[in-house]
Amino acid sequence: MTPSSEKTQLKTTKEKIQWFLDEIDSYKEEMGKWYSVLFRRILPIVLFIMPLFAECKFFYQFIADRYLSGIFDSTDLTPVYVLWPISLLIFTVILIFLPRFGTFCEFVLGPFYIVLAFKMSYINTAFGYFTIISVSVFMFMKLVFLIFEIMYRIVFRGEKAPKAYQGDDDIVF
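Residues numbered from 1 in each chain as written. Predicted model: local features only at pLDDT ≥ 70, side-chain atom pairs only at ≥ 80, totals over all residues. Heavy atoms only, no water.

Asker: I would appreciate a short explanation of the environment of F91 in the present structure.
Answerer: With respect to the helices and strands, F91 occurs in helix α5 (residues 78-97). Of the residues examined, F91 reaches a relative accessible area of 4% and is grouped as buried. The sequence separation of F91 and E106 amounts to 15 residues, and the corresponding C-alpha distance is 9.3 Å. Not counting the four nearest positions on each side in its chain, F91 is found in contact with P44, I45, F48, L52, C105, E106 and L109. (Helix = DSSP H or I, 4+ residues; strand = E, 2+ residues; numbered from the N terminus. Buried < 20%, exposed > 50% of the residue type's maximum accessible area, 1.4 Å probe, protein only. Contact = heavy atoms within 4.5 Å.)

Asker: In this structure, what is going on with a nonpolar patch on the surface? I would like to understand it.
Answerer: A cluster of nonpolar residues, L89, V93, I96, F97, L98, F101, F104 and V108, forms a patch on the protein surface that exposes about 790 Å² of accessible area. At four residues, the largest contribution of residues to the nonpolar patch is made by α5. Structurally, the position occupied by L98 is in the loop between α5 and α6 (99-119). You can call L98 partly exposed: its relative accessible area is 47%. (Patch = residues over 30% accessible without salt bridge, like charges linked within 9 Å, V, L, I, M, F, W, Y side chains within 5 Å. Areas by Shrake-Rupley, 256 points an atom, 1.4 Å probe, with all protein chains shown as cover. Salt bridge = Lys/Arg side-chain N within 4 Å of Asp/Glu carboxyl O.)

Asker: Please clarify how the packing of helix α3 (residues 33-47) against helix α7 (residues 126-155) should be interpreted in this entry.
Answerer: Relative placement of two packed helices is described by the angle separating their axes and the distance separating the axes. It is the contact of α3 with α7, at a shortest axis distance of 11 Å, that shows an interaxial angle of 145°. For the element pair α3 and α7, the recorded crossing hand is left-handed. Contacts from Y35, F39, R40, L43, P44 and L47 of α3 reach α7 at S134, V135, F138, K142 and F145. The class makeup of the residues in the contact of α3 with α7 is eight nonpolar, one polar and two charged. (Axes fitted to C-alpha atoms, helices over the stretch in contact; angles between N-to-C directions. Left-handed = near helix turned anticlockwise from the far one by under 90°. Nonpolar A, V, L, I, M, F, W, Y, C, P; charged D, E, K, R; others polar.)

Asker: What is the right way to read α3 from this model?
Answerer: It helps to recall that an α-helix has 3.6 residues per turn; residues three or four apart then point in one direction. Here α3 contains 15 residues, and its C-alpha end-to-end distance of 20 Å stays within 8% of the 21 Å for a straight helix at 1.5 Å per residue. Along α3, the sharpest change in direction is near 25° and occurs at F39. All of the buried residues in α3 are Y35, P44, I45 and L47. (Expected span 1.5 Å × (residues − 1). Bend = angle between axes of the 7 residues up to and from the residue.)

Asker: Sorry, what's going on with the environment of F20 here?
Answerer: Looking at where F20 falls in the secondary structure, it is placed in helix α2 (residues 13-31). The class of F20 is partly exposed, set by a relative accessible area of 41%. F20 sits 132 residues away from Y152 along the chain, and the two C-alpha atoms are 9.5 Å apart.

Asker: Help me understand the pattern of salt bridges in this model?
Answerer: Any two side chains of opposite charge can pair if their charged atoms end up close together. Enumeration according to the criterion identifies one salt bridge in this entry. With a shortest N-O distance of 3.2 Å, E106 and K142 are connected by a salt bridge. Of this pair, E106 sits in helix α6 while K142 sits in helix α7, and the two are 36 residues apart along the sequence.

Asker: Explain the nonpolar core here, please?
Answerer: A general tendency of soluble globular proteins is for nonpolar side chains to be buried together. Formed by 20 residues in total, the largest nonpolar core has its most connected members in F48, L52, F91 and Y113. Taken together, the elements giving at least two residues each to this core come down to α3, α4 (49-66), α5, α6 and α7. It is α6 that contributes the most residues to this core, five residues altogether. Dropping the residues within four chain positions of it, F48 is found in contact with L88, F91, E106, L109, G110, F138 and M139. Of all hydrophobic cores here, the second largest spans five residues; its members include C56, Y60, A64 and V80. (Core = buried A, V, L, I, M, F, W, Y, C linked by side-chain atoms within 4.5 Å.)

Asker: Just to check I follow, could you spell out α7 for this structure?
Answerer: Along its 30 residues, α7 runs 43 Å from first to last C-alpha, staying within 8% of the 44 Å computed at 1.5 Å per residue. Those residues of α7 not exposed but buried are G128, T131, I132, S134, V135, F138, M139, K142 and Y152.

Here is the structure:
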């Protein structure tokens, strides 16, 4: 057999896009359940620990200064230390039980933290730089995979399984 006869000949651009998206989806399927557990649940929880604290602190100071200035002191961080674990717990529950809404929350909280970090100069330490870089890379990769998922659903609408697994009896977990 010649090398050219072994390769799949794709004639149109649509066939090339379908093949590419099918390969990406097959790789995701091969990664199995750990991909979903690690990248959709555990990693966002770990990455958003500090951003959630910064956002809780910002919202508490904003509300205390604007609306409750006579009742609460905006420099007192005790309510922030109470609100932060509660928000982290709510975020964890959302990621576990509502993963698509969790992705939406990540797309809201991530860019807000990036803007907040530059506005409030939270990135004055090595940990601050690490946090902003890791959240930025995570958000970029999440956006790339979201675009691939949208493209896959547009190209392969109506199909139940990826083309690579049609006719296969193996179940990938």
